[in-house]
Each structure stands twice: as structure tokens, then as C-alpha cells.
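Coordinate analysis (summary)
Here's the letter readout for the chains.
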Amino acid sequence: MAKYLAQIVVMGVQVVGRAFARALRQEYAASQAAAQARGRSGQESAAASSITGISLQEAQQILNISKLSPEEIQKNYEHLFKVNDKSVGGSFYLQSKVVRAKERLDEELSIQKKEEKQQSQQNTET
């Protein structure tokens, strides 16, 4: 009886292990394909997300921004920063999230400007 129980447990572990390995391979392939589709800027954007600790999408949600325009970012940042000021009863945590979101969006804008500059240089060379 114990022998059969041990065999069942071993088979179950093997099945789960294979399924996990297959899912891991699929996820790795999907992330590689997405990285290639994004190109070099995707790598820089991912690095910026890693450094700031906040993703681009999360930063856009925090500052309520649909497209990256410096004026809209600054306007929403100033409003949310003032509203969440601790002296007026706001939350320091939310205020720090607003600051991190602005930093992340500013970093993304600089990445985009660098990309545009590189593309314009490539176009002038050809």
C-alpha cells in the first residue's frame, strides 16, 4: 500500500514539474518576443522601471495621464502634490507615489527624446 502511495506521489510531482517547466519556457519565449518587438527602447524603459521601482503604466495611472506630454504631467503633478501635502491633511505616502510617478514619466520622456535624436541622426546619414 505504501509503495503505491509513493508511486502516486512521485508521478504527481513529475506531472507538476513538467507543467511548470513548460509554462516557464513559454513565458521566457513570450518575454523574449516582446523584448524584440519593443527593440532597444524597451530595454531602456525596463531598466528605468527597475531603477525607479514603478512601471510606466502605473506612473500614468497615478498622475492620470493618457499620453506623455510634459505640460500635462507637470500640471497633474503639481495638483496632486499640493493636494497630498501633509500640512493640509494629505498623505505623505501618496505624495511620495506622485513624486516617483513623475520621476518615472520624466525618465520615459528623456528616453523618447534620445530615441528621436538617434533616428534623426540615422535619417540624415542615409
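Residues numbered from 1 in each chain as written. Predicted model: local features only at pLDDT ≥ 70, side-chain atom pairs only at ≥ 80, totals over all residues. Heavy atoms only, no water.

1. Remarks on the packing of aromatic side chains
Each pair of aromatic rings is reported with the distance of its centres and the angle of its planes. One pass over the structure, following the stated rule, counts one aromatic pair. With centroids separated by 5.6 Å and ring planes inclined at 35 degrees, the aromatic side chains of tyrosine 77 and phenylalanine 81 adopt a geometry described as tilted. Remark: phenylalanine 81 and tyrosine 77 occur in helix α4 (residues 70-83); sequence separation between them is four residues, near one turn of the helix. One cation-aromatic arrangement involves lysine 102 over tyrosine 77; the distance from NZ or CZ to the ring centre is 5.4 Å. (Phe/Tyr/Trp six-rings, centres within 6.5 Å; stacked < 30°, edge-to-face > 60°. Helix = DSSP H or I, 4+ residues; strand = E, 2+ residues; numbered from the N terminus. Lys NZ or Arg CZ within 6 Å of the ring centre and 35° of its normal.)

2. A short note on the packing of α4 against helix α5 (residues 92-125)
Two elements in contact, α4 and α5, have axes whose closest approach is 10 Å; the angle formed by their N-to-C orientations is 170 degrees. By the angle between their axes, α4 is roughly antiparallel relative to α5. Within the contact between the two elements, α4 uses Pro70, Ile73, Gln74, Tyr77, Leu80 and Phe81 and α5 uses Gln95, Val98, Val99, Lys102, Leu105, Asp106 and Leu109. (Axes fitted to C-alpha atoms, helices over the stretch in contact; angles between N-to-C directions. Parallel < 35°, antiparallel > 145°, perpendicular 65-115°, else oblique. Contact = heavy atoms within 4.5 Å.)

3. What to know about helix α3 (residues 56-63)
An α-helical segment advances 3.6 residues per turn. Residues three or four places apart therefore align on the same side. Looking at α3, one finds that the buried residues are Leu56, Ala59, Gln60 and Leu63. In a view along the axis of α3, the buried residues occupy a sector of 100 degrees, so they form one face of it. Those residues of α3 that are exposed and aimed more than 90 degrees away from the buried face are Gln57 and Gln61. In the stretch just after α3, asparagine 64 is the one whose phi turns positive, near 55 degrees. (Buried < 20%, exposed > 50% of the residue type's maximum accessible area, 1.4 Å probe, protein only. Arc of directions from axis to C-beta.)

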